[in-house]
Amino acid sequence: MQGCSEARQSITEPDVVETGNTTEAAAIVPIEQIFDVLPGWAEEAFLSQGLNQKYSLGAWVQPNVLTGDFDGDGQEDAAFLVVNAATDEKGLIILHQDEHNSCSVFGAGTLFEDMRNMDWIEIFEKVDSGQAVAPTLIDEETGDILGEDLQNAVLLKSDGIFIHVAEACGGGIIYKKDTGYGWINIE
């Protein structure tokens, strides 16, 4: 058995995105360089919504951009690591290719699952839809990992995003629920 001190198994919604003033931040890629990997529609949405005024693309993990159908509407979406320019907090954004090119922010100063700063992300990968994923079952008294919690497994109806610390405890999958996004803790 392994032990980890924290387990996050509840599901919450990310906060709404707000724009702010641009300042310098560490470990970021200048805005003119990110569009080599972002789809054209995502570049346009990022700029037209003024997200470039608050966030810069994070380059601390490669790849730093994923594409997939993260909201289950049949359209390609873009997920990418970001750094909040005002606070230096790290996280990720999902831009949805919908009528309004809506977005969801996780971390980077926006609270999601008790996390405002996801500077711990070392693995950033797409999880294909159709997979059943189960949270890690943790002994509440000892913190020991007991295995997968198969009773609370979720069948992904759309692509998910796996974020984790390399070779350590901590991480999970962000996935689309019926309303909003949820979190499955994976140790």
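In case you missed it, the structure is sitting above this.
In short, a report on the structure.

## What to know about the pattern of salt bridges
- Enumeration according to the criterion identifies four salt bridges in this entry.
- Lys126 is paired through a salt bridge with Asp128; the nearest N and O atoms lie 3.6 Å apart.
- Classification of Lys126 by relative accessible area gives partly exposed; the value is 36%.
- For Asp128, a relative accessible area of 40% gives the class partly exposed.
- Across the pair Lys157 and Asp178 runs a salt bridge, and its minimum N-O distance is 3.5 Å. Of this pair, Lys157 sits in the loop between β11 (154–155) and β12 (160–164) while Asp178 sits in the loop between β13 (171–176) and β14 (181–185); the two residues are 21 residues apart in sequence, bridging distant segments of the chain.
- One salt-bridge network, in which partners are shared between bridges, spans Lys126, Asp128 and Asp159.

## Quick word on the packing of aromatic side chains
- Inspection of the entire model under this criterion finds four aromatic pairs.
- Each ring, one from Phe106 and one from Tyr181, has its centre 5.4 Å from the other, and the planes form 90 degrees; the classification is edge-to-face. With Phe106 in strand β6 (residues 103–107) and Tyr181 in strand β14, this residue pair connects regions lying 75 residues apart in the sequence.
- Judged by centre distance (6.2 Å) and plane angle (85 degrees), the rings of Phe112 and Trp183 are edge-to-face. With Phe112 in the loop between β6 and β7 (123–127) and Trp183 in strand β14, this residue pair connects regions lying 71 residues apart in the sequence.
- A relative accessible area of 0% places Phe112 in the buried class.
- An aromatic cluster is present here, built from Phe106, Phe112, Tyr181 and Trp183 joined pairwise through their rings.
- Geometry around Trp60 places Lys90 over its ring, the cationic atom sitting 4.6 Å from the centre.

## Some points on unusual backbone geometry
- With an omega dihedral of 0 degrees, the bond running from Gln62 to Pro63 counts as a cis peptide bond.
- Along the polypeptide, Pro63 turns up in the loop between β2 (55–58) and β3 (65–68).
- Residue Asp88 is not a glycine yet carries a positive backbone phi of 70 degrees.
- Following the sequence through the fold, Asp88 ends up in the loop between β4 (77–84) and β5 (90–95).

## Regarding the sheet that holds β14
- Read across the open sheet, the four strands follow the order β7-β12-β13-β14; overall the sheet is antiparallel. The open sheet has two edge strands, β7 and β14, and neither has a second partner. Taking each pair of neighbouring strands and ignoring which way they run, the sheet shows an average axis angle of 20 degrees.

## Describing the side chain of Glu187
- Relative to the assigned elements, Glu187 resides in the segment after β14.
- Within the structure, the side chain of Glu187 is placed 3.0 Å from the backbone nitrogen of Gly170, a separation counted as a polar contact.

## A word on the environment of Asp119
- Locating Asp119 in the fold gives a position in the loop between β6 and β7.
- The partly exposed category is assigned to Asp119, whose relative accessible area is 45%.
- Taking the C-alpha atoms as reference, Asp119 lies 9.9 Å from Gly58; in sequence the two are 61 residues apart.
- Every residue in contact with Asp119, bar those within four places of it in the chain, is listed here: Trp60 and Lys90.

Thresholds, definitions, all that
- Residues numbered from 1 in each chain as written.
- Predicted model: local features only at pLDDT ≥ 70, side-chain atom pairs only at ≥ 80, totals over all residues.
- Heavy atoms only, no water.
- Salt bridge = Lys/Arg side-chain N within 4 Å of Asp/Glu carboxyl O.
- Buried < 20%, exposed > 50% of the residue type's maximum accessible area, 1.4 Å probe, protein only.
- Helix = DSSP H or I, 4+ residues; strand = E, 2+ residues; numbered from the N terminus.
- Phe/Tyr/Trp six-rings, centres within 6.5 Å; stacked < 30°, edge-to-face > 60°.
- Lys NZ or Arg CZ within 6 Å of the ring centre and 35° of its normal.
- Pairing = 2+ DSSP bridges.
- Axes fitted to C-alpha atoms, helices over the stretch in contact; angles between N-to-C directions.
- Polar contact = N/O pair within 3.5 Å; in protein donor to acceptor, adjacent residues only side chain to side chain.
- Contact = heavy atoms within 4.5 Å.

In short, shape yes, function no, at least from these values alone.
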